[in-house]
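Coordinate inspection notes
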Amino acid sequence: MLDEEISTQTLQIVLLELYNELMNWDHLFTEALLQHTDYHEMLALGRNVLPWEYGISTRDMKWAYQTPDCGMPTEGDSYHLMVDTLLLEPEYHAVAQLRGSFYYYDEANGIQDICGNICPEGKFLGRVVMRIGSRGATIPDGARELFEQFTVYIEQLISYHHTTFGDAIKNQSYGLLRQIAAGEQPDPAFQSAVLEKLGWRADDLYTVVLLWVYDEPGWDTQMETTLPYLIQKLEQMYPDSCAVRTEAAICWLVNRGRAGSEPDFFDFREKVASFLRDNVCSAGISADFRNFSLVSYAIREAEIAYEIGKAKNPQFWCFSFDDYRMEYMMSRVQKEFPVSMLLHPSIIVLMDYDEKHGTEYTATLRAYLHCGMNMTSAAEKLFIHRTSFCRRMSRILKLTEIKLDDPDTILELLLSFHLKGDN
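What counts, and at which threshold
Residues numbered from 1 in each chain as written. Predicted model: local features only at pLDDT ≥ 70, side-chain atom pairs only at ≥ 80, totals over all residues. Heavy atoms only, no water. Helix = DSSP H or I, 4+ residues; strand = E, 2+ residues; numbered from the N terminus. Buried < 20%, exposed > 50% of the residue type's maximum accessible area, 1.4 Å probe, protein only. Contact = heavy atoms within 4.5 Å. Arc of directions from axis to C-beta. Phe/Tyr/Trp six-rings, centres within 6.5 Å; stacked < 30°, edge-to-face > 60°. Lys NZ or Arg CZ within 6 Å of the ring centre and 35° of its normal.

Quick look at the side chain of S320
Turning to its location among the elements, S320 is positioned in strand 10 (residues 318-320). Relative accessible area serves as the criterion here: at 0%, S320 is assigned to the buried category. In this structure, S320 is in contact with F265, R269, I285 and A305, ignoring residues within four places of it in sequence.

Here it is, written out as structure tokens:
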């Protein structure tokens, strides 16, 4: 309500001053955009017209910027408690889809906020959060419009500079991993430059993990806000790592050989398993490799491990390619031919003879091979006397004429038994 005593001329002067102040604010932002001003400096420009404390929260729930007295926790138990509380609130996930400004009561800190989602090109990247008071507090319509314009400026900052909040080098590593995960061939010069900036070598020890989060119908919105935080937690667990979201999963590349430190694979797997339990995820893990150009193959290994492991042991959460390598190789072998056409001829001979004469020569040969060609151990395994076992082996050699001193023959026989399911 205006004071009735104010003159028209005074009102015009006040309005002109306000207009000039707003135009100057707009000019500062435009100039900052054109001059590629550091985003911290640009975010601070909001202080020129917004009298409340505010911060910029990224999609992985880090604080990219805070005004001096904003007071948002950024680390430690209070920070993780705040994040865990928010992740359990359906309303927090629902507002990620809103456009324009909206009010949100922060239960964890007992403060009313006005928020604006940062969504350049429709993609949620973060949120402007301004602290305005106790529950139910609001701000004047004019101030709300200024807040919304500030959010627009931040979106323009991201669009014009093709960047996101955070470390520029880390952003490049995300871009590189996304390219590889999408099946694209990265530019060799760009790949080498990113590795050099990270301090990684092409022949370091690497592992790829693909993580799938427990999903339910209608959880798409919740995943938009939860997955970035899980990515942050993964990278905190192993700082020399890079995690990105793909269409179906989180792709996590871990450099386990940085600075000569090569964590034991079983310790690494135990840490991953603990993370999966705490965050209700399941995962496929590639074999270790020492050539960065093999990342795309390692991603496929992790995917295969998950597919085979989930089908074979659905009660487990963590599946390593090392545990399912043989199953994968056997599945590839059987793509074109039935098992009966892939078995070693000697096994076919013994199977036919056993069926006609009621003998157990096939099982005898299998026991012999599985016991490292030790007749005593094989006889004990079949619960027969060693002399009886030796007679059986003598008969087997006469029937098949196989050469058990040939490594290739031994390998073929073992693979044949595996194909039969006798392993």
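Once the structure has been displayed, the description carries forward.
Here we look at helix 7 (residues 188-198)
Along helix 7, the positions that sit buried rather than exposed are Q191, V194, L195 and L198. Projected down its long axis, helix 7 shows its buried positions confined to an angular sector of 95°, all on one face. Facing away from the buried side of helix 7, by more than 90 degrees, are the exposed residues A189 and E196. Of the residues flanking the end of helix 7, it is G199, one or two places downstream, whose phi is positive at about 80°.

Topic: the packing of aromatic side chains
Counted under the stated rule, the structure contains 16 aromatic pairs. Taking 5.2 Å as the distance between ring centres and 70° as the angle between the ring planes, the aromatic pair formed by Y54 and F150 counts as edge-to-face. Remark: F150 occurs in helix 5 (residues 141-161) and Y54 occurs in strand 1 (residues 54-58); sequence separation between them is 96 residues. Judged by its relative accessible area of 0%, F150 is buried. Plain terms: the ring middles of Y238 and F268 are 5.3 Å apart, the flat faces sit at 70° to each other, and that makes the pair edge-to-face. Within this pair, whereas Y238 is found in the loop between helix 8 (220-237) and strand 7 (241-245), its partner F268 is found in helix 9 (residues 265-279), the two being separated by 30 residues in sequence. Considered together, Y238 and F268 belong to a single accessibility category, that of buried residues. By way of ring pairs, the aromatic residues Y238, W252, F265, F266 and F268 are connected into one cluster. In this structure, R135 is placed above the aromatic ring of Y105, and the distance from its NZ or CZ to the ring centre is 3.8 Å.

By themselves these figures say nothing about function.
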